[in-house]
Every structure is written in C-alpha cells, then in structure tokens.
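A structural walkthrough
Listed below are the residues making up each chain.
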Amino acid sequence: MTQTERRARSSGPDVLIVDDEDDIRELLELTMLRLGLVSDGAASLAEAHRLLGEKRYRLCLTDMRLPDGDGLELVRYISENLRDLPVAVITAFGSMDNAVTALKAGAFDYLSKPVSIDQLRALVKSVFSLSSKTDEGERKDSSSLTGESPAMVQVRSLIDKLARSLAPVFISGESGSGKERAARMIHDLGPRAAAPFVAVNCGAIPENLMESEFFGAKKGAFTGADSDREGFFQAAHGGTLFLDEVADLPLPMQVKLLRAIQEKKFRRLGDTVETSVDVRILSATHQNLKAMVDAARFRQDLFYRLNVIELRMPALRERSEDIPQLADTLLARLSESSGLPSARLTADAFAALKAYAFPGNVRELENILERALALSSGELIKAEDLMLDPADQGEASPAAQATPGGADLQDYLDLVERQVIEEALDKSGGNRTAAARALGVTFRSLRYRLERLGIKE
C-alpha cells in the first residue's frame, strides 16, 4: 500500500518530522510508515510552524539545528502552545548538554545521531501510549477492564472496593497487563474522579531531572528555570498520582519520595518553604519489588508505604478465554479512531490469537491488531495478517515453568541480562564504553539498562 493510500485511509498525519537533511527525513518517514504511521516533513522552522498551525499531530520529531533557527525554539513553542503534543529532539552525537536543555524546555525525549531505529521505535511506542491515555475519549474507554474470566471478575471486584478507599495501592503484573488501566479505574470510580489523575513513568525521567519533575522548581533554581514550574505532586493535588515502574526510582529519589508521602508536603527546588499536598498514591511495576528490597535495591520503608494493598493484574495467557472479547473491543476502537471501516477477525485469526503466548500481554494484542488493521486489504483480518512470531506460538505456561525455580519470565530475563552485563563490565575493568562495545549496544542503551537493573559499580 502506498503512502498516498494510507493517507486516504487515515484520519490525518500522526507525526511531524523537522529536519533539513533530506536523507534523514526520508529515513524517519519510512520508519514511521513501517509502524503504520503517516508523517509530514518540514525542512525549516518556518515550515514546521506553518504545518503545526494547519494540522494536528500526535508526535513531533525535530533536529536541533535548523537553517532558520534552533530546534529548542520549536520545543518551547510546542510546550507553551500545544501541551498535548509530545516533542522529541534529535541531537548530534555526544551533545548531552543540548539534550538536557531540550528536556528542561519540555521535550519528551531525545535521540542521538546516528539515529537508532530500535530506540526510535521504542520512543514512538512510548509517546503514542502516553498520548492515547491523555485523550479524554481514550480515558473513558480505559476506565473499563474487558473480560469475563474468573481472574478479571475478581480484579474488577477488588477495584470497586479499592476505589472507595484512599489507601495506597501497589499494582503488580507483567508489562502490558493493564496496570495503568486498573489505576485509572480506581481513580475514576472513587471520590477523586473529578480531580486530576497524573500518571508518571518513573523509568522515563532522567535522574538529574527527577527532583524538579516530581516537586517542581522555583524561578532561577537552575540554569534555564525562567519561571516557576509545578511538579507532578502539585499537578496531582486533590487527585491521584500514579507512579508507574516505581522500581526504576534511584535510591536518593526514593528517600525524597518517602518523605513527601509521609509528611504530605514537599519543597520545590530553589524554594525555602514547604508546600502541602493532598494526593492519593497508586504505584506499579512489572519487577519483583520484594526481591529488590531483599537485594537492597529498593527501600523497605518505602515499599511498605506503597504496598498497603496489592492488586495483581493477571497475564493475558492466564485468561485466554477473554481474547475474543478483547480483540473485538480493541478492533472496534481502533477502527473508529483511525477512521477505517469496522473490521472483524476470521475464525482462523481467532484461533491463531488464542494459540499465541502474548509475552507483551494486552498491549501486544492491541499493537498486533493495529498493525493488522493498517495492513489488511479488506474488512476481514485473516491469520496471516496478524504476522505473529512463530517463536511465541503455543502455550506460555510451560515456558514460564521452564525458567529456573518456576520464576516469573521477566524476573528471569532480568537476571540473565544482569549476569551478562556484569560479566562485560568485569572484563572491561568497569569501563562502560568498552562494555557497551562488547555487548553490541550503544553507550546510552547500556546506561539505561544499568539504571533499570540497579547495577552500581
């Protein structure tokens, strides 16, 4: 299918790519096309402003250096005037100062040249997940958890009880199992439904910006702080603060978070007085938080403060009987949001889905259906349109049982990854650059893995 045909079927462009180098712009546009996204290109700041005035986008990617201005100008403009539009910057290799400045100005993330396609795909998935959850129509839809399996009936029953309480709730479960949807449902069914629900991905915030992101900053607190800025706690005042992937918080930040929760007050960066705050804390992670406490990678006092009540979200493989209903619901929503005719799955497609392991759970099911909807030639989606990975066909339970001691798959993979990384660091004498080269990953990728796994040298 050509890009023109995709445009005809789409409700509009998804991504604005701003770069004066034709080859980079074309590469990014092709990558977006492979992800089922339509994009517009702009070679200058002026052209970008014109397109932003004419169309509504869901993501903007901009180079830092443009022939008629600075990419930071575009970041600031979007941050002030188009707050629902995530913007990511593309920086020259090693320009960390520029990247940090862009993040402070309101950029969602940054990519270094040469652009890694894998990192770009990960960024796009994060952004589109975020943008869909901040859309009001999507918010109402995500307030329900589809499925009539015993596991989901139990989850919804517990959510009804939790919504009537203001106690902190810790939501556990694998990636993609619906932890944020559960958190939003707890909020929407409770007494704070009319107040803000602020969702924070703790693993997506650079450590040097974490305190200002959580607690805000007073004008002049640091270079670039041109005005008072509120943090997540202040934004969620009166409502709910959802800390997703809370296990990724570094230990120093865990101390500050614990005090804010306990004292119900915080101090902005550069401020001399404390601010009182009223928020309900919900948290989640796919990692084994108790094991991290035992390994001294997560504070025990914070763990007990967060884990007052635990809600476990079942993996999709544990409720495979819900897949047909889930697939129909997701397809209807995807068709409506993309402006495409209603599509339905054939019997062989349903059979293929039920035989699939779904390591990415409901989020993966949604991605598979969105891709199939974009690539299918008609209103019927067949098994071959799903493009399922043969390696993940079959029941997942035996695979999970095959991990040492019957451990959770993600925990087992984290254990293996930790061992490989520590071995590479040991062989390189602690040189991260050399270790990254030996592992075949970028230095930035290794740094993120070290932070995620809590590996300290």
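Attention in this report is confined to the structure presented alongside it.

Definitions and cut-offs
- Residues numbered from 1 in each chain as written.
- Predicted model: local features only at pLDDT ≥ 70, side-chain atom pairs only at ≥ 80, totals over all residues.
- Heavy atoms only, no water.
- Helix = DSSP H or I, 4+ residues; strand = E, 2+ residues; numbered from the N terminus.
- Buried < 20%, exposed > 50% of the residue type's maximum accessible area, 1.4 Å probe, protein only.
- Contact = heavy atoms within 4.5 Å.
- Core = buried A, V, L, I, M, F, W, Y, C linked by side-chain atoms within 4.5 Å.
- Salt bridge = Lys/Arg side-chain N within 4 Å of Asp/Glu carboxyl O.
- Axes fitted to C-alpha atoms, helices over the stretch in contact; angles between N-to-C directions.
- Parallel < 35°, antiparallel > 145°, perpendicular 65-115°, else oblique.
- Left-handed = near helix turned anticlockwise from the far one by under 90°.
- Nonpolar A, V, L, I, M, F, W, Y, C, P; charged D, E, K, R; others polar.

Here we look at the environment of Glu211
Following the sequence through the fold, Glu211 ends up in helix α10 (residues 210-215). In this structure Glu211 comes out as partly exposed when scored by relative accessible area, which is 25%. Along the backbone, Glu211 and Leu257 are 46 residues apart, and their C-alpha atoms lie at a distance of 9.2 Å. Excluding its chain neighbours within four sequence positions, the residues that come into contact with Glu211 are Gly216, Met253, Lys256 and Leu269.

What about the nonpolar core?
Most often, soluble globular proteins have nonpolar side chains that are buried together. Phe214, Phe233, Leu241, Leu243 and Phe298 are the most contacted members of the largest nonpolar core, which totals 32 residues. Contact partners of Leu241, with chain neighbours within four places excluded, come to Val198, Val200, Phe232, Phe233, Ala236, Arg280, Ile281 and Leu282. Core analysis: the second largest hydrophobic core is formed by 24 residues, Leu326, Ala349, Leu386 and Leu388 among them.

Some remarks on the pattern of salt bridges
Following the criterion strictly, the structure yields 19 salt bridges and no others. For Glu213, the salt bridge identified is with Arg229, shortest N-O distance 2.5 Å. Of the two residues, Glu213 is situated in helix α10 and Arg229 in the loop between α10 and α11 (232-235); the sequence distance between them amounts to 16 residues. Between Glu422 and Arg418 there is a salt bridge; the shortest N-O distance is 3.4 Å. Taken together, the residues span about one helical turn, with Glu422 and Arg418 both in helix α20 (residues 409-427) at a distance of 4 residues. A residue is classified by how much of its surface remains accessible, and Glu422, at 36% relative accessible area, is partly exposed. Residue Arg418 is classed as buried on the basis of its relative accessible area of 17%.

A look at the packing of helix α8 (residues 150-163) against helix α9 (residues 179-188)
Contact geometry for α8 and α9: axes closest at 8 Å, N-to-C directions at 45 degrees. Classified by the angle their axes make, α8 and α9 are oblique. Crossing angle aside, the handedness with which α8 passes α9 is right-handed. Contacts from Arg156, Ile159, Leu162 and Ala163 of α8 reach α9 at Ala182, Met185 and Ile186. When its residues are assigned to classes, the contact of α8 with α9 shows 6 nonpolar, no polar and 1 charged.

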